[in-house]
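Now for the letters of each chain:
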Amino acid sequence: MRIGELAERTGVSVRSLRYYEDKGMLAAPRSSGGQREYPEAAVERVRRIQEMFAAGLTSDTIAELLPCIHDTDGSPSAEATPFLVEKLTEERARIDRALRDLHRTCEVLDSVIRAAGGEAPPAEFQRAGDSTTRK
């Protein structure tokens, strides 16, 4: 399939697909006229790349990990190594830290929303001027 069809089927821009190719995350043989000809498997590859971006991985990390992961189901491929486990464990820890930070931000926002609605902030918060801060 051509790049426009792949973009349409995956919801990813042509520009992003070219970027993925430049970063080594996606490959497309060229036709005799020089046009990219993506195999059907490219649809799942792009979806896998998008999932990894959504999880917060960088393009460099994704490029390192893709050879170790099957596109269709995300399971380890025969090329999976201890490096994959180490890298994914690091990414998981980073995501866990980000989730904790986001949860804390939600708690603060909830407190501000309650206070703005006339409710007293929870005991763990104290009022300092016009801002709510944690004790």
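Above: the structure in question.
Notes on the structure follow. (Residues numbered from 1 in each chain as written. Predicted model: local features only at pLDDT ≥ 70, side-chain atom pairs only at ≥ 80, totals over all residues. Heavy atoms only, no water.)

Applying the stated criterion across every chain yields a total of 12 salt bridges. For Glu5, the salt bridge identified is with Arg9, shortest N-O distance 3.8 Å. Residue Glu5 and its partner Arg9 are located together in helix α1 (residues 3-10), separated by 4 residues, close to a single helical turn. Salt-bridge contacts for Arg9 lead to Glu40; the nearest nitrogen and oxygen are separated by 2.5 Å. One end of the pair, Arg9, is in helix α1; the other, Glu40, is in the loop between α2 (14-22) and α3 (41-54), with 31 residues separating them in the sequence. Given the relative accessible area of 35%, Arg9 is considered partly exposed. Within this structure, Glu5, Arg9 and Glu40 form a network of salt bridges that share partners. (Salt bridge = Lys/Arg side-chain N within 4 Å of Asp/Glu carboxyl O. Helix = DSSP H or I, 4+ residues; strand = E, 2+ residues; numbered from the N terminus. Buried < 20%, exposed > 50% of the residue type's maximum accessible area, 1.4 Å probe, protein only.)

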